[in-house]
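Tertiary structure, described
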Amino acid sequence: MSISRRTLIAGAGAALAVPVAARQAFFQLPGGPQARAVATDFPQKGAMIVQRTRPPLLETPFEVFDDGIFTPNDRFFVRWSGGEMPTSIDVGAHRLTINGAVTRPVALTLDDVMRAGEPVEVVAVNQCAGNGRGLQEARVGGAQWGDGAMGNARWRGVRLRDVLARAGLAGTARRVRFGGLDRPAIEGQPRFTKSLPVDIALLDEVIVAWGMNGQPLPLLNGYPLRLVVPGWFATYWVKMLSDIEVLASDEDDSYFMAKTYRMPADRVQPGDKGFPTVPVTTMGPRSWITSHPDMASARAGRPLRLRGIAMGGTSGVASVDLVVDGQPVASALLEPEHGALGFRRWSATVFPRGRTMRIGPRCMNRGGDRQPEVHAWNPSGYARHSVAYLALTVI
Ligand SMILES: Nc1nc2c(c(=O)[nH]1)N[C@H]1C(S)=C(S)[C@@H](COP(=O)(O)O)O[C@H]1N2
Ligand SMILES: [Mo]
């Protein structure tokens, strides 16, 4: 794989501005919509559900997750938080700067980054904190995603730790803040930056990646470099990584840390105000049926083979049970794991009964965390990981 070629995507700007809705996708959210436009003409992308064109928010059609546990790059969801990103990158001129609480500020070329340590590969799920927001009731503002704002890939890069070592952390270093090439579309709006505590930034599995499923990162997924923070929500996976600032403070008062991407510290109800919040950080276990859509029909009393995917969040998948209205009815067979923090396939046989059967998979991870029955409503619709039920029509 070569990254040292110059990527110029002809006409990308035009394509970003005027996507052609090739067809509609069936897309059911409580209270609507029932369908969404699908575009096929975003650069390096196949058929994607369009949530917004500029900057693009593209959702993976859910049937893609039934094809395999690795999400193809051209079907991988896209999220930009409100900025304008370059539509071409001059990789020769790209620099990753590191400054702040370091021994020597540096400006690294792509070659410098790629040679900062041994290349490593990590399989991990990149999931937006707002994945499934559109399924939350009462509905809230923000991108109205179904469950397709996630994907699993084999990421290739070098350890962030090795990259930081090129600058050398000062003894006062407490947090590491990351920024990319995107800039606010509206002047005066805050720039998208995110930070991690130093102890997380130095973990083995946190990498600065250039490769995704054996290919360079697609432009919209952060070419030429992005941060990969396995187990943590995608908001920390800063794309088109261009600058790192080491903070000598445990607090980061920048907008996307201090004002958004925060969760209520305790349970809240729609309408509650003034409650304490904590930053969104790590992901919980999740699982889905991928073999059957909602409202599929099934024969009463006959064995029904279901198949799906699961993820453990911060640890591997320990088990997946099929539950009907909260009661376990079968335990799923897990297929071999391809990376503990990626998707894992499961299958199970159940026996449909009643007139409609509300059935869903429930994953437990190796840390003993199990998917809750009911989603903890919150005003930004973050971190949904309750059991994803389907209603099967029993005939
Ligand atoms: N530079 C930059 N990186 C970013 C963002 C952004 O707006 N700018 N959005 C973050 C959020 S909120 C998400 S969900 C993921 C989406 O990653 P993807 O587009 O590769 O799927 O990118 C993250 N990294
Ligand atoms: Mo996100």
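Below, the discussion takes up the overall build of the protein. When helices and strands are tallied, the protein shows six helices and 30 strands. In terms of overall size, the protein behaves like a compact globule, its C-alpha atoms giving a radius of gyration of 21 Å where 395 residues would be expected to give roughly 21 Å. C-alpha extents for the protein along the principal axes are approximately 70 × 45 × 45 Å. Counting all 395 residues of the protein, 55% fall into the buried class. Counting only contacts in the protein whose residues sit at least 6 apart along the sequence, the fraction spanning at least 24 positions is 69%. Accessible surface computed for the protein: about 16,500 Å², of which carbon and sulfur atoms make up 50%. If the 45 positive side-chain charges of the protein are averaged to one point and the 35 negative ones to another, these points end up 4 Å apart.

Okay, the packing of aromatic side chains next. Across all of its chains, the model carries 12 aromatic pairs by this definition. Taking the centre distance of 5.9 Å and the plane angle of 90° together, the rings of Phe 77 and Trp 145 count as edge-to-face. Here the residue Phe 77 occupies a position in the loop between helix H2 (64-67) and strand E6 (78-79), and Trp 145 occupies one in the loop between strand E11 (120-127) and strand E12 (150-159), the gap between them amounting to 68 residues. Here the two residues Phe 77 and Trp 145 agree in accessibility, since each one is buried. One aromatic cluster is present, formed by Phe 76, Phe 77, Trp 145, Trp 155 and Trp 237 through successive ring pairs. Against the face of Tyr 236 rests Lys 194, its NZ or CZ located 4.7 Å from the ring centre. Sitting over the face of the ring of Tyr 389, Arg 358 holds its NZ or CZ atom 3.8 Å from the ring centroid.

Before going further, it helps to spend a moment on the domain arrangement of the protein. Along its sequence, the protein is organised into domain 1 (1-260) and domain 2 (286-394). Domain 1 and domain 2 are separated by 28 Å when their C-alpha centres are compared. Counting residues at the interface gives 31 residues for domain 1, matched by 28 residues for domain 2. Both faces combined, the contact of domain 1 with domain 2 buries some 2,300 Å², and carbon together with sulfur accounts for 57% of it. If you sort the residues of domain 1 by the area they bury against domain 2, Asp 66, Ile 69 and Gln 136 come out on top, with a joint share of 27%. Our enumeration of links across domain 1 and domain 2 arrives at three salt bridges. Among the ionic pairs, Asp 66 bridges to Arg 307, the shortest N-O distance being 2.6 Å. Counting across the interface, domain 1 meets domain 2 through 12 residue pairs in polar contact (both at pLDDT 80 or more). Within the residue set of the side of domain 1 that touches domain 2, elements represented by two or more residues are H2, E11 and E12. Tallying contributions element by element places E11 first for the side of domain 1 that touches domain 2, with four residues.

A word on the sheet that holds strand E22 (residues 286-289). Pairing is antiparallel in the open sheet, where four strands are placed in the order E22-E24-E28-E27. The sheet is open, and its two borders are formed by E22 and strand E27 (333-334), each paired with just one other strand. With two bridges connecting them, E27 and strand E28 (residues 344-350) associate as antiparallel partners. Along E28, the bridge assignment pairs Leu 334 with Trp 346.

Turning to the sheet that holds strand E26 (residues 327-331), a few remarks are in order. Pairing within the open sheet is mixed, and its five strands lie in the order E23-E30-E29-E25-E26. Of all strands in the sheet, those with a lone pairing partner are strand E23 (297-298) and E26, marking the two edges. In this sheet, E26 lies alongside strand E25 (residues 317-324) in antiparallel orientation, the contact comprising four bridges. Bridged to Leu 322 within E26 is Ala 330.

Parameters at a glance
- Residues numbered from 1 in each chain as written.
- Chains lettered and ligands numbered in written order.
- Predicted model: local features only at pLDDT ≥ 70, side-chain atom pairs only at ≥ 80, totals over all residues.
- Heavy atoms only, no water.
- Helix = DSSP H or I, 4+ residues; strand = E, 2+ residues; numbered from the N terminus.
- Rg over C-alpha atoms; globule rule 2.2 N^0.38 Å.
- Buried < 20%, exposed > 50% of the residue type's maximum accessible area, 1.4 Å probe, protein only.
- Contact = heavy atoms within 4.5 Å.
- Areas by Shrake-Rupley, 256 points an atom, 1.4 Å probe, with all protein chains shown as cover.
- Lys, Arg positive; Asp, Glu negative; His and termini not counted.
- Charge placed at Lys NZ, Arg CZ, Asp CG, Glu CD.
- Phe/Tyr/Trp six-rings, centres within 6.5 Å; stacked < 30°, edge-to-face > 60°.
- Lys NZ or Arg CZ within 6 Å of the ring centre and 35° of its normal.
- Domains from an automatic or database assignment.
- Buried area = accessible area lost by both parts, 1.4 Å probe.
- Salt bridge = Lys/Arg side-chain N within 4 Å of Asp/Glu carboxyl O.
- Polar contact = N/O pair within 3.5 Å; in protein donor to acceptor, adjacent residues only side chain to side chain.
- Pairing = 2+ DSSP bridges.

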